[in-house]
Amino acid sequence: MHFQESENQKLIAQMVRDFGAKHITPFRDQWDKDQHFPIDVFHKLGELGLMGVLMPESLGGAGMGYFEYVTAIAELAVVDPSIALSMAAHNSLCTNHIYEFGNEEQRKRWIPKLATGEWIGAWGLTEPNTGSDAGNMRTVAVRDGDHWVINGAKNFITHGKSGNVAVVIARTGNVGDSHGMTAFVVERGTPGFTGGKKEDKLGMRLSETAEMIFTDCRIPHENMLGQEGEGFIQAMKILDGGRISIAALSLGIAMGAYQHALQYSKEREQFNKPISSFQAIAFKLADMATKIEAAKLLTFQAAYLKNNKLPVNKESAIAKYYASEICCEIANDAVQIFGGYGYCKDYPVEKYYRDCKLCTIGEGTSEIQKLVISRAILK
């Protein structure tokens, strides 16, 4: 395996930087303050092919692989982590679930609109009282002839209010039965499907997080993905790719915080010389750079396995666990290097510091990742 950056990756990285400088950075602080979800930005990302990176060109996607996907998320996270989070959730959760487990008719029906950014996708697994205990979900789907009727609620859902279409996992069997859940696609505008409370969050404020509520929501049987009872198994496979997304997101946050800290350390003077000349700062920067390189290798290792359709459960958990932990450490160190200025909104490290924490929680907490890893190595 070698992870030398390809020409495609270089082009994607530069494209994302240019796009961010024009369409995100000038408005980022105000959007963050207002917790504004900039839907137009995602439509524009769709025009660049970034809302369907992994989808084949025949379905409106960019037809690329996980190396390009990781590069796009990481570079977008340098510009703004919450935009990268939404882009990742749309790609790896909603769109990819339909592609991986939908039939040809379902793929042709929904993926072109998602891959081009015309539609925004959501993915609903988490519920208010279950969290990682998905087997005890309370959202229920009951068969009624050629239709299913869904009742219940999902929370902490990316694009829960604004998403045009959602993949929803609902219980169709007994509580606690891993084969008692089924995946469905529900379009916005379907009677009984509404958005609920939008969360007021510490960070990632440009990415919408909200409830999805189902009240006698009636959908046709043809909206079921795969077979009845496969929903949980499908979700676990989708989360393997989701972990790579969060690892890439974490990598981008770490890169952004480090880049700003490095530049500031060269410009900020104390005792008539730049603070980077002091060993305490230089060694901190060395630690930050080393952690980033390690996270990058782990993330691209998982991406390599995913590209080659090899088992990736353990490796994606390792990449997500390590990258999310070090991104918090690096964001913290960046604030420390900035000193008092790092605690103010005048500099972007304050935002990286708030945004990074989500990475240790999203797609399963660090403790969940350690559980996945330990099970794999003890098996």
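Everything quoted here is computed from the prediction, not taken from an experiment.

### Comments concerning the overall build of the chain
Point 1. Assigned secondary structure in the chain consists of 11 helices and 10 strands.
Point 2. Expected size for 379 residues packed as a compact globule is a radius of gyration near 21 Å; at 21 Å, the chain falls within 12% of this value.
Point 3. Across its three principal axes, the chain shows a C-alpha extent of roughly 80 × 45 × 40 Å.
Point 4. Of all intrachain contacts in the chain linking residues separated by at least 6 positions in sequence, the fraction that spans at least 24 positions is 74%.
Point 5. Across the chain, the mean location of the 40 positive side-chain charges is 3 Å away from that of the 44 negative side-chain charges.

### Here's the deal with the packing of aromatic side chains
Point 1. Inspection of every chain in the model, using the stated rule, returns 11 aromatic pairs.
Point 2. On the numbers, 5.5 Å between centres and 70 degrees between planes, the contact of Phe67 with Phe300 is edge-to-face. Here Phe300 lies in helix α8 (residues 279–307) and Phe67 lies in helix α4 (residues 66–79), a separation of 233 residues in the sequence.
Point 3. On the basis of relative accessibility, which here comes to 16%, the residue Phe67 falls in the buried class.
Point 4. Here Phe300 falls in the buried class, since its relative accessible area comes to 9%.
Point 5. Among the aromatic residues, those joined into a cluster by ring pairs are Tyr264, Phe338, Tyr341 and Tyr347.
Point 6. In this structure, Arg107 packs its charged tip against the face of Tyr99, placed 4.2 Å from the ring centre.
Point 7. Of note, Arg188 hangs over the ring of Phe193, and the distance from its end group to the ring centre comes to 4.3 Å.

### Side note on the packing of helix α5 (residues 81–101) against helix α7 (residues 231–267)
Helix packing for two helices is described by the angle between their axes and how far apart those axes are.
Point 1. At a minimum axis separation of 10 Å, α5 and α7 run at an interaxial angle of 160 degrees. Judged on the interaxial angle alone, α7 and α5 are roughly antiparallel. The hand of the α5/α7 crossing is right-handed. Between α5, through Pro81, Ala84, Leu85, Ala88, Ser92, Leu93, Asn96, His97, Glu100 and Phe101, and α7, the contact on the second element is made entirely by Gln234, Ala235, Lys237, Ile238, Leu239, Gly241, Gly242, Ser245, Ile246, Leu249 and Ile253.
Point 2. Residue composition of the contact of α5 with α7, by class: 12 nonpolar, seven polar and two charged.

### A closer look at the environment of Leu50
Point 1. Within the element layout of this structure, Leu50 appears in the loop between α3 (39–47) and α4.
Point 2. It is 7.5 Å that separates the C-alpha atoms of Leu50 and Ala72, two residues lying 22 residues apart in sequence.
Point 3. Leu50 has contacts with Met15, Val16, Leu45, Ala72, Met87 and Asn91, leaving out every residue within four places of it along the chain.

### Some points on the pairing of strand β1 (residues 121–124)
Point 1. The alternating pattern of β1 places Gly121 and Trp123 and Ala122 and Gly124 on opposite faces, both of which are buried.
Point 2. Of the pairings in the sheet, the one linking β1 to strand β4 (residues 165–171) comprises four bridges and is parallel in character. Bridging across to β4, Gly124 finds its partner in Val168.

### Re the state of the cysteines
Point 1. If you walk through the whole model with that rule in mind, you get zero disulfides.
Point 2. Cys359 carries a free sulfur, and the closest cysteine sulfur to it, the one in Cys327, is 4.3 Å from it.
Point 3. Take Cys359: its relative accessible area is 0%, and that puts it in the buried class.

### A word on the environment of Asn308
Point 1. The residue Asn308 is located in the loop between α8 and α9 (313–338) in this model.
Point 2. Owing to a relative accessible area of 40%, Asn308 belongs among the partly exposed residues under this scheme.
Point 3. For Asn308 and Gly65, which are 243 residues apart along the polypeptide, the C-alpha to C-alpha distance reads 9.6 Å.
Point 4. A distance of 2.8 Å separates a polar atom in the side chain of Asn308 from the backbone oxygen of Tyr304.

The rules behind these values
- Here, residues in each chain are numbered from 1, in the same order as that chain's written sequence.
- Only residues with pLDDT of at least 70 get local features here, since the model is predicted, and only at 80 or more are side-chain atom pairs given and counted; chain-wide, interface and lining totals rely on the full set of residues.
- Where side-chain values are given, they derive from all heavy atoms of the structure, hydrogens and water being excluded.
- Helix numbers and strand numbers start at the N terminus; a helix is a DSSP run of H or I with at least 4 residues, a strand a run of E with at least 2.
- Restricting the calculation to C-alpha atoms gives the radius of gyration, and the globule rule supplies 2.2 Å times the number of residues raised to the power 0.38.
- Every residue pair with non-hydrogen atoms within 4.5 Å of one another is taken to be in contact.
- The convention is simple: Lys and Arg are positive, Asp and Glu are negative, and His and the chain ends are not counted.
- Where a charge sits is defined by one atom per residue type, namely NZ (Lys), CZ (Arg), CG (Asp) or CD (Glu).
- Each Phe, Tyr or Trp ring, with Trp reduced to its six-membered ring, pairs with another whose centre is within 6.5 Å; inter-plane angles below 30 degrees give stacked pairs, above 60 give edge-to-face pairs, and intermediate values give tilted ones.
- Using a 1.4 Å probe on the protein chains alone, a residue whose accessible area is under 20% of its type maximum counts as buried, one over 50% counts as exposed, and one in between counts as partly exposed.
- Charge-over-ring placement is defined geometrically: NZ (Lys) or CZ (Arg) within 6 Å of the ring centre, and within 35 degrees of the ring normal.
- In this analysis an axis means a line fitted to C-alpha atoms, helices contributing only their contacting stretch, and an angle means the value between N-to-C directions, from 0 to 180 degrees.
- Angle categories: roughly parallel below 35 degrees, roughly antiparallel above 145, roughly perpendicular from 65 to 115, and oblique for all the rest.
- Definitions for this section: a left-handed crossing has its near helix turned counterclockwise from the far helix by less than a right angle. A right-handed crossing has that turn clockwise.
- Residues are sorted three ways: Asp, Glu, Lys and Arg are charged, Ala, Val, Leu, Ile, Met, Phe, Trp, Tyr, Cys and Pro are nonpolar, and all the rest, Gly among them, are polar.
- Here, strands pair whenever DSSP counts at least two bridges between them.
- Count a disulfide wherever a pair of cysteine sulfur atoms falls within 2.5 Å.
- Think of a polar contact as two N or O atoms within 3.5 Å of one another; within protein, one of them needs to be a possible hydrogen donor and the other a possible acceptor, and neighboring residues in sequence only count if both atoms come from side chains.

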